[in-house]
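Coordinate analysis (summary)
Now for the letters of each chain:
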Amino acid sequence: MLRYVLRRILMTIPTILIASAIVFLMLRFIPGDPAVLMAGEDPNPEVILALRRQWGLEEPLPVQYFVFLRNVVQGNLGISIRSGLPVLYEISLRLPHTMILSLVAMVLSTALGILVGIVSSTRPYSLVDNASMFFALIGVSAPAFWTGLMLMWLFAVKLGWLPAVGVGTPAHLVLPSVALTGFTTPVLARQTRSSMLEVLRQDFIRTARSKGLSERAIVYGHAVRNALIPVITVAGISFGRLLGGSIVTETVFAYPGIGKMLIDGIFARDYPMIQGAVLVYALIFTFLNLFVDMTYAYVDPRIHYE
Amino acid sequence: MTWGVETMSQQKLIYLKFRRNRLAVLGAILLVFFVFCAIFADYLAPYDPFQSDLMNNLAPPSSEHILGTDELGRDLLSRVIHGARISLHLGVISVGTAFVFGVFVGAVAGYYGGLIDQIVMRAVDIVLSFPTMLLAIMIVAVLGPGLTNAMIAVGVSLIPEYARLTRSTFLYLRELDFVQAARMVGASDPRVIFRHILPNSIAPLIVQSTLNIATAILSAAALGFLGLGAQPPLPEWGAMLSKGRVYLMVAPHVTLYPGLAIVLSVLSLNMIGDGLRDALDPRMT
């Protein structure tokens, strides 16, 4: 197990390197001088010269990439054009917000999705099953930004129960996280249902039934654990989509996270900020995938750790 | 002598299975409706979708304007109808592009295997570990906002999925007897790939494409909403939502209807995709 974990951690290194290379090349693909782009709207020749030196822009591309990596490892992500503050500092202000929102949405959608999936699978083709699967289909079809706006209209504008935008109290988290779960919950519910149906047909379940175990013990003791393995894979993929969706949801709810920072950065042509935000997302995704693989190995004893 | 059931062709069987699925049929009807709107938008729309009427802006739904008017007094129904044209066009073009490139890459990787396969699949895995949305936003950040760039961004972000799917079916099919036989009689590699393997791997690709058009419409609408996709005054559903949300307090209908159009069109494609998957899966009876 330990060797597998170590190997899997080592495998993140090429992923991170390639992701950072993509981020690095992004700025070079944009027509124009990267130093002028990084200096902002009103470039001072001295600032541009300093930036050229600092990022090694006179050197060949591979050397530039090396300098970029060195700067990033040292925590130097450049200075935001818009605020004049270091990008790393700007990230440190926003990352906790994004993490909290995503974690709440992930926990909420996992719990709800698996529960609905289990309930549906134990009563296949019943009214409960058909209704939840129909809602699940609508859930995957509705864009999170629209669901978010409709929730905002109902609960903030009409009913006045919850704050519409911003952060500060736990109440501020309710609408954005519910909007974010709108996609992940249905995906998990559908996957749980279909893999539960598959497991419930198998021989060991029949054996459990013939032993006279209660339905509850069969479903929760025997079936769920076996049905969850494919659900974890799907969860990993849909958490990725959830984080992608958080970029849009943060914008809808004026929620000061990394996603809003990315979008604001694009509009302000604040390239150091864009670079920083994308880099943070790349790191989050890499670790998310690592975490999913670890969980997978933990839950499924059939995975060999060679 | 043969019985009817046995002589039934594969296509007929698939069609019958699809038709038995009520949700899939409902999806197909909905999609036909949207395609109809897209093609005949110029005749169906009661007003010019660009004609503003500032005296009559943010008007609630009435007999004159069935869905009301937007912030510039433009007829919302006309704009939603014309939006169908933009969204469907965008979905088909971006998925078509992704299909061509992704299938080609996946076919080469799956057919030749070895080092090419290793390199291509490693790259695909890394790109797939980023969600489509972030990838699309990154591409638009480089190319600049706009409808065409949004289409490119969505298309490119869907390529890895096709590559992976095509590769896995090619890996399986290339070992089968009919492929070996074709090779044995001296068919060239492109001939084996395009004439023998590809036609047999088309079913999962069609299912995936239906679902991908749904994803593409959602992604493009999100880009439009963020202001990175279609630009005003184009009646793109996402962009309409982004303008309308400012007036959420006074005129929620401006946000409601374009969003409903997105949900219904994406829903129709998802229902068809699910139905096709069940119909094309030989394990389902």
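Residues numbered from 1 in each chain as written. Chains lettered and ligands numbered in written order. Predicted model: local features only at pLDDT ≥ 70, side-chain atom pairs only at ≥ 80, totals over all residues.

Counting its secondary structure elements, chain B contains 13 helices and zero strands. Along chain B, from the amino end to the carboxyl end, the secondary structure elements read α-α-α-α-α-α-α-α-α-α-α-α-α. If one aligns the C-alpha atoms of chain B with their principal axes, the spans along those axes are about 75 × 55 × 25 Å. For chain B, contacts bridging at least 24 residues in sequence account for 69% of all contacts bridging at least 6. (Helix = DSSP H or I, 4+ residues; strand = E, 2+ residues; numbered from the N terminus. Contact = placed C-beta atoms within 7 Å.)

Here the focus is the overall build of chain A. Of regular secondary structure, chain A possesses twelve helices and zero strands. Expressed as lengths along the three principal axes of its C-alpha atoms, the size of chain A is roughly 80 × 60 × 30 Å. Taken over 306 residues, chain A has a buried fraction of 38%. Sequence separation of at least 24 residues holds for 70% of the intrachain contacts in chain A that already meet a minimum separation of 6. (Buried ≥ 20, exposed ≤ 12 C-beta atoms within 10 Å, placed from the backbone.)

Further remarks concern the confidence of the model for chain B. Here chain B shows a mean pLDDT of 88. Residues at 70 or above account for 96%. Interface confidence for the predicted complex, expressed as ipTM, amounts to 0.86; the pTM equals 0.88. (pLDDT = per-residue confidence, 0-100.)

Moving on, we come to helix α9 (residues 203-210) of chain A. Counted residue by residue, α9(A) has zero buried out of eight residues, so it is predominantly exposed. Looking one or two residues beyond α9(A), the residue adopting positive phi is G212(A), at roughly 90 degrees.

This part is about the nonpolar core. L262(A) and I137(B) are the most contacted members of the largest nonpolar core, which totals 148 residues. For this core, the element with the highest residue contribution is helix α5 (residues 76-112) of chain B, accounting for 15 residues. Setting aside its immediate chain neighbours within four residues, L262(A) contacts I247(A), I274(A), A277(A), V278(A) and I137(B). (Core = buried A, V, L, I, M, F, W, Y, C linked by C-beta atoms within 7 Å.)

Here we take up the confidence of the model for chain A. Taken over all residues, the pLDDT of chain A has a mean of 86, while the share at 70 or more is 98%. The least confident element of chain A is helix α2 (residues 34-39) of chain A, whose mean pLDDT is 75; the most confident is helix α5 (residues 87-122) of chain A, at 93.

All names here are of chain A. Viewed as axis vectors pointing N to C, helix α10 (residues 215-252) and helix α11 (residues 258-267) meet at an angle of 80 degrees, and their least axial separation amounts to 7 Å. When the interaxial angle is binned, α10 and α11 end up roughly perpendicular. On α11, the residues touching S246, I247, E250 and T251 of α10 are G259, K260, L262 and I263. By residue class, the composition of the contact of α10 with α11 is three nonpolar, three polar and two charged. (Axes fitted to C-alpha atoms, helices over the stretch in contact; angles between N-to-C directions. Parallel < 35°, antiparallel > 145°, perpendicular 65-115°, else oblique. Nonpolar A, V, L, I, M, F, W, Y, C, P; charged D, E, K, R; others polar.)

Look at the link from P232(B) to P233(B): it is a cis peptide, with omega at 10 degrees. Tracing the chain through its elements places P233(B) in the loop between α11 (202-226) and α12 (237-244). The backbone of Y125(A) shows a phi angle near 60 degrees, a positive value even though the residue is not glycine. Tracing the backbone through its elements, the reader meets Y125(A) in the loop between α5 and α6 (127-141). Overall, the presence of 9 C-beta atoms within 10 Å leaves Y125(A) in the exposed class. The phi torsion at A254(A) lies on the positive side, around 45 degrees, for a residue other than glycine. Its place among the elements puts A254(A) in the loop between α10 and α11.

This paragraph deals with the interface of chain A and chain B. Listed by partner, the interface residues are 35 residues for chain A and 31 residues for chain B. Mapped onto the side of chain A that touches chain B, the elements with two or more residues apiece are α1 (2-29), α6, α7 (144-158), α10, α11 and α12 (271-299) of chain A. Of the residues forming the side of chain A that touches chain B, the biggest block, eight residues, is contributed by α10(A). Within the side of chain A that touches chain B, the residues separate by chemical class into 26 nonpolar, eight polar and one charged.

Turning our attention to the packing of α10(A) against α12(A). All names here are of chain A. Between α10 and α12, whose axes approach to 10 Å, the crossing angle comes to 170 degrees. As the angle between them shows, α10 and α12 are arranged roughly antiparallel. Residue-level inspection shows L228, I229, I232, T233, A235, G236, F239, G240 and L243 of α10 in contact with α12, the latter providing Y281, I284, F285, L288, N289, V292, T295, Y296 and V299. Residues of the contact of α10 with α12, tallied by class, amount to 13 nonpolar, five polar and no charged.

So, on to the environment of F68(A). Residues and elements named next belong to chain A. Positionally, F68 belongs in helix α4 (residues 61-73). With 23 C-beta atoms packed within 10 Å, F68 lands in the buried category. Sequence separation between F68 and A21 is 47 residues, and the spatial gap between their C-alpha atoms is 9.3 Å. Aside from chain neighbours lying at most four places away, what touches F68 is F24 and W55.

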